[in-house]
Every structure is written in C-alpha cells, then in structure tokens.
2 protein chains.
Amino acid sequence: MEKLLARALAGDTRAIGRLISLVEADTPSSKEIMKAIYPKTGKAQVIGITGSPGAGKSTFVNRLIARFKAEGKKVGVIAIDPSSPFTGGAILGDRLRMQDHAVDSDVFIRSMGSRGNLGGVSRGTHEGALILDACGFDVVIIETVGVGQSEVDIVKIADTVCLILTPGMGDDVQIMKAGIMEIADIFVVNKADREGADKVAADVQVMLKMLGEREWVPPVALVSSNKNTGVDEVREIIRKHGDYLNSSEEGRRRRWSQLQMEVEAILRGEISLLVERSWSARRSDELMEMLSQRKADPYTLAGDIIKTLLK
Amino acid sequence: MEKLLARALAGDTRAIGRLISLVEADTPSSKEIMKAIYPKTGKAQVIGITGSPGAGKSTFVNRLIARFKAEGKKVGVIAIDPSSPFTGGAILGDRLRMQDHAVDSDVFIRSMGSRGNLGGVSRGTHEGALILDACGFDVVIIETVGVGQSEVDIVKIADTVCLILTPGMGDDVQIMKAGIMEIADIFVVNKADREGADKVAADVQVMLKMLGEREWVPPVALVSSNKNTGVDEVREIIRKHGDYLNSSEEGRRRRWSQLQMEVEAILRGEISLLVERSWSARRSDELMEMLSQRKADPYTLAGDIIKTLLK
C-alpha cells in the first residue's frame, strides 16, 4: 500500500487508477488511503461540468482538456456514467469521444458509475477527485450525468460549476430546472453555430438579473465545440473564477461549506455502517413476526438499537 | 397530547389532521405519537395509486372513494403534491377534484408535500398512512406524484399498488419505465372510452408474460372514471389482492420486507440527527480553518467524533 501510494503520488497513471478503484470499492483500506492523500489535496481547481444529456458536455470537455494541455497543465477527468439503480449497469457511450487523450500521461480520464447514488455524485466521485488532486493534476474536471439531483449536487464538490446549455432543446426548461441557475458559476451556450444560441444567452442574462445582485456575476460564453470557438474564453473565465474564490470571502465560505458537507458525509457513512451491523445482528424471524403482529414497534426498536451503540 | 391521541383514535377528523401535522413537521413529539399509534395499525388495506401525471389518478381515486363509501367503509387519502426541494412550495391543483368528499367524516383527504424527498414518498407519507390506519380508516389510499422514484417507492408502503395507464400517452414509455411493471399489483387502463385503450391493455398483457410466472398475476382492468365504468371491477380485484396477501407466503414476505425498510428508514433518521448533533458540538472556525489548510483531515476527524460518541 505504501508503495502504491508513493507511485500514485509520483504520477504513475496505473497506480492512480488502482487507488481510485480501491477507494471506489469502499475497501477496508479506503480510509487509510484517504487519510494519506488528504494533506496533499487542495491544490487543483475542480471544475464541474453539468447540463442536460445531449448538450454536448463530453465534446466540450474534450476541447477544454486540449486547452489546458496546451498550457502544460495536467488534467484529470471523472465522467459519471448513468447507471440504473435497478441493474447497477453502467452505460458507456460518448465517453469514447474523450479517448483522444486517453493514452496521454498528462491526462487521466476515468468513468465512474453512479451506483447506489441516484444523484450521480457519490462519495466515490469526491474521493476520486481528491486523489487526482493529490497526485498532481492541476485541474480536475467532473462531468455529471446532467439529470436531476446530480446537477445540483456537483456544487458540493466543484470549485467552479459550468452549466452547458444548447439552442433548441426547450431552453426555458433547461435553464429553469430548480436550483441550477443558482449554482452555475459559468454559463456555456454550446453549439453556438446553431440558430437560437443568442436567444439562449439573452434568456440566461435576463434570468440572472432576476436572481439579484451577486459579487460574482456568472459570465455567459458562446462556444462551438465542433468549430472549437469560444473555448479560450471559457478557460479565461475559469481562471478568473479560481482567482475570485482564492481572494474572496465567498470563496472561503464555499470551501468551508464543502468541508462541512464532507465531514457530514463521512460521519453518515461511518454511523450507517455501525447501525446496519447492529440491526442485522438483531434481526430475527421472531422479531419480524413481533413487528408484524404489532407486539413490537419499529420506533422503540430503532431507539434501542441506537442506545446500545452510544455511550 | 394524551387527549389529542384519544380524540384522533376515536375518529375526530380535526384531531387526526393535527396529529398528521405534528408528525409531518417532525416535532419532538413525533416519535411518541408514532409509538402510541403503532400497536393499533395493521388493519387498513393501504392502496398505492401511481401513474404518470395526466393519467387521471385523482379522478379515479374520487370514483374509488365513492365505491368504498357505498360499502360503508371509511376511507383515508393521502395525496402527495409535487414540491420543489428548494422552495418547499406545494402546488395544489387537481386536489380540488377530490373535494366532493372533503366535508365527509367517513372520508379524510390530506395533501402532503414531498419536501425533502425528491421521490415524493417520504417518512411523513408513511407515518400519515399509519395514523389513518390506527384511527379506524378501513382503506388508506396514497396517490403519488407519478414521477420518477415515487412510483417505485410506493411499494415500500402500499399493500396493493395500482398503476394507472391511459391511451395515447406514449404508452410504451409509460409502461416500460424502470421497475414499474414489476411492482404493480393491478393495472388500470383509465379513460377506456378513448381509442387505443384495448391496445394498451394488450400491451400490458404481453409485457406481463415477459416477466415470467408469478403467483399473483396482476389483472388488467379497463376503467372510465368519467363514465364511472370498471371501478367496481377494480374494487373486486383490490379485495382479492388483499385476501391473497393475507393468506400467502408472498404476503408475509412483503410485510416483513416493508417492516425492515421501515426500521431502516427510522434508523437513518436517527443517524442524521446524531451526525448533526455530534458534529455541530465540535465545529469551530479554528477547526474549519485547519481542515481548509489541510492541517486536519475529515477522515481522522470523523473517526474521532465517532469514537467519542460510541461505546
């Protein structure tokens, strides 16, 4: 384990992949890995890329990777695959589009299932990003599934949230999805070579005004990933947003709030494990029958289980 | 509290409403209320009504209420309103259609927000149903929002799940939604006076065959809520399904599995409370700053908190 850690921290791609797998699988060693990794984190800018399926997130990420590479930056990417809570199966797919960079030692791309977490942004995602950060990637990009809770949850991990919109996709609906407007730091109108892009941008501006004054006013950038235009501008905005977070009270608040959610998530995981164990030690056919016949009640039972665990 | 409980258990509608509000608000007394209520539960048949928005769930529920009333049965209804997790605002709406029965002491109708629970079926929903059960309602109907997880989650609470379909609504999509076919005990093709109803019914039959043999083969009923046809048939199926659950091994398995999920949900709630309390006692600006500067790590911190908490 010592060796694996040393190799990963030295930038060995295979060792990094192995570390992420160990942590993702929630093995007994995960916690030790994370404790060892943690002091080395906090250097990378974590960029969350969100937006509805079909908005062209992967293509845009591809362009962004190339832009960072041109600066000599190391880029880590975590792409969250949609996976059914029923089958647990991950649908690969347009991940392939990112394979341009796959054999590159300065670019590390990892697909992660969203298994066990409907939102798509799981502990594993966060821990994967922390590992990449510790292993020397200057930028960590997390591409969400872009459905439901995942779009909003990304704000718990990312320093900079980039919302990808696209003309002609029922734009009002895209934008007005609950909570999305509030969390985006940058709006990217992708496929800007298509008709309607200006209107989407204008609509976003109107809606941003409705949200009231804020210190960081999210810029709206027009991008064509296909024609590779506008990507430099987004890169500049990402830089400015990073600087803003490092120098503002808002940046500090955000870091603290993310750390707080992180501690809570770890605590919840730990306590859940203990409670689960104690519940499965208790569970018996007799007990189930008693509950079933209302000779016991789940509220008293739960209280007892908790009591036996606590000091 | 004693008095309120006694009045509710005696069937006083206002007292029942007040109890549900107390429990829904998760007040300190909630747990005591539920412990007192629980031994009196397990008598009602809990019927979950699910199906896409626009399938006519409320109108159908209205007809079903009338049918039960004609038998002299007391009917409790919990209708889950869609509410944004961000605003907490509930959209009322076609709840009004059910107001035919609203001033009736044998019929109790309650709208509940799905606040804090994207799926729509929350602890509050379940506890509301338990209260109605304990307070002497013979039948408790839960009408879901019919979106996403709520449709599947209803199986955690309902004895009998009724899926409402309707012709011309992209039927394949309606039916094939992940997990829905598997959990429905009764299929209702509503608006059967419209063209295409027979085809929907036939499609369901084909898909049911694909699911393989089961002891309870979910019947498919054609209903027109507007013309009030087919509702008696559904009522009969509901009765048969209730009998089946009471006499079969499958029924016992289902009750046990629901009880298990109930215990786990209560435990989860307790865990969150513990996490919040233990962490907020520790949290300080100094600690946050240390975490922020990586002089402390959340994993070690969480471990410490757990150690002080547990035996």
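Heads up: the structure comes first, above all this text.
Residues numbered from 1 in each chain as written. Chains lettered and ligands numbered in written order. Predicted model: local features only at pLDDT ≥ 70, side-chain atom pairs only at ≥ 80, totals over all residues. Heavy atoms only, no water.

S.K.: Which parts of the structure should I look at to understand the overall build of chain A?
M.R.: A count of helices and strands for chain A gives 13 helices and seven strands. The buried share of chain A, taken over its 311 residues, is 53%. Contacts in chain A between residues at least 24 apart in sequence constitute 75% of all its contacts with a sequence separation of at least 6. About 14,000 Å² of surface is accessible on chain A, with carbon and sulfur atoms providing 52% of the total. (Helix = DSSP H or I, 4+ residues; strand = E, 2+ residues; numbered from the N terminus. Buried < 20%, exposed > 50% of the residue type's maximum accessible area, 1.4 Å probe, protein only. Contact = heavy atoms within 4.5 Å. Areas by Shrake-Rupley, 256 points an atom, 1.4 Å probe, with all protein chains shown as cover.)

S.K.: Quick question: what am I supposed to make of the interface of chain A and chain B here?
M.R.: Many analyses report the size of an interface as the accessible area lost when the parts associate. Listed by partner, the interface residues are 54 residues for chain A and 55 residues for chain B. Looking only at chain A, the three residues that lose the most surface to chain B are A:Trp256, A:Arg294 and A:Tyr299, adding up to 18% of its buried area. Counting across the interface, chain A meets chain B through two salt bridges. Here B:Arg283 makes a salt bridge to A:Glu264, at a shortest N to O gap of 4.0 Å. Taken together, chain A and chain B are joined by nine residue pairs in polar contact (both at pLDDT 80 or more). Among the elements of the structure, helix 3 (30-37), helix 5 (123-134), helix 6 (149-153), helix 11 (249-282), helix 12 (285-292) and helix 13 (298-309) of chain A are those that each provide at least two residues to the side of chain A that touches chain B. A per-element tally of the side of chain A that touches chain B places helix 11 of chain A first, with 17 residues. For the side of chain A that touches chain B, a count of residues per class yields 28 nonpolar, nine polar and 17 charged. (Buried area = accessible area lost by both parts, 1.4 Å probe. Salt bridge = Lys/Arg side-chain N within 4 Å of Asp/Glu carboxyl O. Polar contact = N/O pair within 3.5 Å; in protein donor to acceptor, adjacent residues only side chain to side chain. Nonpolar A, V, L, I, M, F, W, Y, C, P; charged D, E, K, R; others polar.)

S.K.: Any chance you could explain helix 3 (residues 30-37) of chain B here in plain terms?
M.R.: Helical geometry note: an α-helix holds 3.6 residues per turn, so side chains three or four residues apart project in the same direction. Of the positions making up helix 3 of chain B, those classed as buried are B:Ser30, B:Ile33, B:Met34 and B:Ile37. For helix 3 of chain B, the arc enclosing every buried residue in end-on projection is 95°, short of the 170-degree limit, so these residues lie on one face. Taken together, the buried residues of helix 3 of chain B touch helix 13 of chain A together with helix 1 (2-9), helix 2 (13-24) and helix 5 (123-134) of chain B. (Arc of directions from axis to C-beta.)

S.K.: Where do I start with the relation of the copies chain A and chain B in this structure?
M.R.: Two copies of a chain can be linked by a rotation about an axis combined with a shift along that same axis. When chain A is brought onto chain B, the operation consists of a screw motion whose angular component is 179° and whose axial shift is 0.6 Å, with 0.7 Å RMSD remaining. What the superposition gives is, in effect, a two-fold axis relating one chain to the other. An overlap of 98% is found between the interface residues of chain A and their copies at the interface of chain B, pointing to a shared contact surface. (Least-squares fit on C-alpha atoms with pLDDT ≥ 70 in both.)

S.K.: How do you make sense of the packing of helix 4 (residues 57-70) of chain B against helix 10 (residues 231-247) of chain B when you look at a structure like this?
M.R.: Helices that pack against each other are described as a pair by the angle of their axes relative to one another and the distance between those axes. Residues and elements named next belong to chain B. Axis separation between helix 4 and helix 10 bottoms out at 10 Å; the angle between their running directions is 70°. On the basis of the axis angle, helix 4 is roughly perpendicular to helix 10. Taken together, the residues of helix 10 that come into contact with helix 4 (itself represented by Phe-60, Arg-63, Leu-64, Arg-67 and Phe-68) are Val-231, Asp-232, Val-234, Arg-235 and Ile-238. (Axes fitted to C-alpha atoms, helices over the stretch in contact; angles between N-to-C directions. Parallel < 35°, antiparallel > 145°, perpendicular 65-115°, else oblique.)

S.K.: Sorry, what's going on with unusual backbone geometry here?
M.R.: Leave glycine aside and you will find that most residues have negative phi; peptide bonds, for their part, are mostly trans. Although it is not a glycine, A:Asn228 sits at a positive phi angle of roughly 60°. Of note, A:Asn228 is situated in the loop between strand 7 (220-222) and helix 10 (231-247). When its relative accessible area of 42% is taken as the criterion, A:Asn228 is described as partly exposed. With phi around 55°, B:Asp26 is a residue other than glycine that occupies positive phi space.

S.K.: Help me understand the pairing of strand 1 (residues 45-50) of chain A in this model?
M.R.: Every regular strand shows the same layout, with side chains that alternate between the two sheet faces. Residue and element names in this part refer to chain A. Most of strand 1 is tucked away: six of the six residues are buried. Here strand 1 shows no split at all, with Gln-45, Ile-47 and Ile-49 on one side and Val-46, Gly-48 and Thr-50 on the other all buried. Where strand 1 lies against strand 4 (residues 139-143), five bridges are found, and the strand directions are parallel. Bridging from a neighbouring strand, Ile-49 pairs with Glu-143 of strand 4. Bridge analysis of strand 1 against strand 5 (residues 160-165) gives four bridges, and the strand direction is parallel. Within the sheet, the bridge partner assigned to Ile-49 lies in strand 5 and is Cys-162. (Pairing = 2+ DSSP bridges.)

S.K.: Help me understand the side chain of A:Arg235, please; the structure alone is not making it clear to me.
M.R.: All names here are of chain A. Within the secondary structure layout, Arg-235 lies in helix 10. Residue classification places Arg-235 among the buried positions, given a relative accessible area of 3%. Setting aside anything within four residues of it in sequence, one finds Arg-235 in contact with Arg-67, Phe-68, Glu-71 and Lys-73.

S.K.: I would appreciate a short explanation of the pairing of strand 5 of chain A in the present structure.
M.R.: Residue and element names in this part refer to chain A. The element strand 5 is extensively covered by neighbouring structure, given that six of its six residues are classed as buried. Burial along strand 5 is two-sided: the face carrying Thr-160, Cys-162 and Ile-164 and the face carrying Val-161, Leu-163 and Leu-165 are both buried. Bridge count between strand 5 and strand 6 (residues 186-189): four bridges; the pairing is parallel. Each residue of the ladder has a partner; that of Leu-165, found in strand 6, is Val-189.

S.K.: Whenever I open this one, the environment of B:Ala134 confuses me. Can you help?
M.R.: Residues and elements named next belong to chain B. Among the structural elements, Ala-134 can be located in helix 5. Through-space distance from the C-alpha of Ala-134 to that of Ala-44 is 8.1 Å; in sequence the pair is 90 residues apart. Once residues within four sequence positions are removed from consideration, Ala-134 is found in contact with Leu-9, Ile-37, Lys-40 and Thr-41.

S.K.: So what exactly am I meant to see when it comes to the packing of aromatic side chains here?
M.R.: The relation between two aromatic rings is expressed through the spacing of the ring centres and the mutual angle of the planes. Going through the model one piece at a time under the given rule, you end up with six aromatic pairs over all chains. Between B:Phe108 and B:Phe137, the ring centres sit 6.2 Å apart and the planes meet at 55°, which makes this aromatic pair tilted. Within this pair, whereas B:Phe108 is found in strand 3 (residues 107-113), its partner B:Phe137 is found in the loop between helix 5 and strand 4 (139-143), the two being separated by 29 residues in sequence. Per residue, the accessibility class of B:Phe108 equals that of B:Phe137, and both read buried. One residue, A:Arg283, lies across the ring of A:Trp279, its end atom 5.2 Å from the ring centre. The residue whose ring lies beneath B:Lys74 is B:Phe137, and the NZ or CZ to ring-centre distance is 4.7 Å. (Phe/Tyr/Trp six-rings, centres within 6.5 Å; stacked < 30°, edge-to-face > 60°. Lys NZ or Arg CZ within 6 Å of the ring centre and 35° of its normal.)

S.K.: Sorry, what's going on with the pattern of salt bridges here?
M.R.: Pairing is possible between side chains that carry opposite charge, provided their charged atoms lie close to one another. Following the criterion strictly, the structure yields 31 salt bridges over all chains and no others. The residue A:Arg123 makes a salt bridge to A:Glu127 at a minimum N-O spacing of 2.8 Å. Pair noted here: A:Arg123 and A:Glu127 are both in helix 5, with a separation of four residues, about one helical turn. Take A:Arg123: its relative accessible area is 24%, and that puts it in the partly exposed class. Via salt bridges that share partners, B:Arg67, B:Glu71, B:Asp232, B:Arg235, B:Glu236 and B:Arg239 belong to a single interconnected network.

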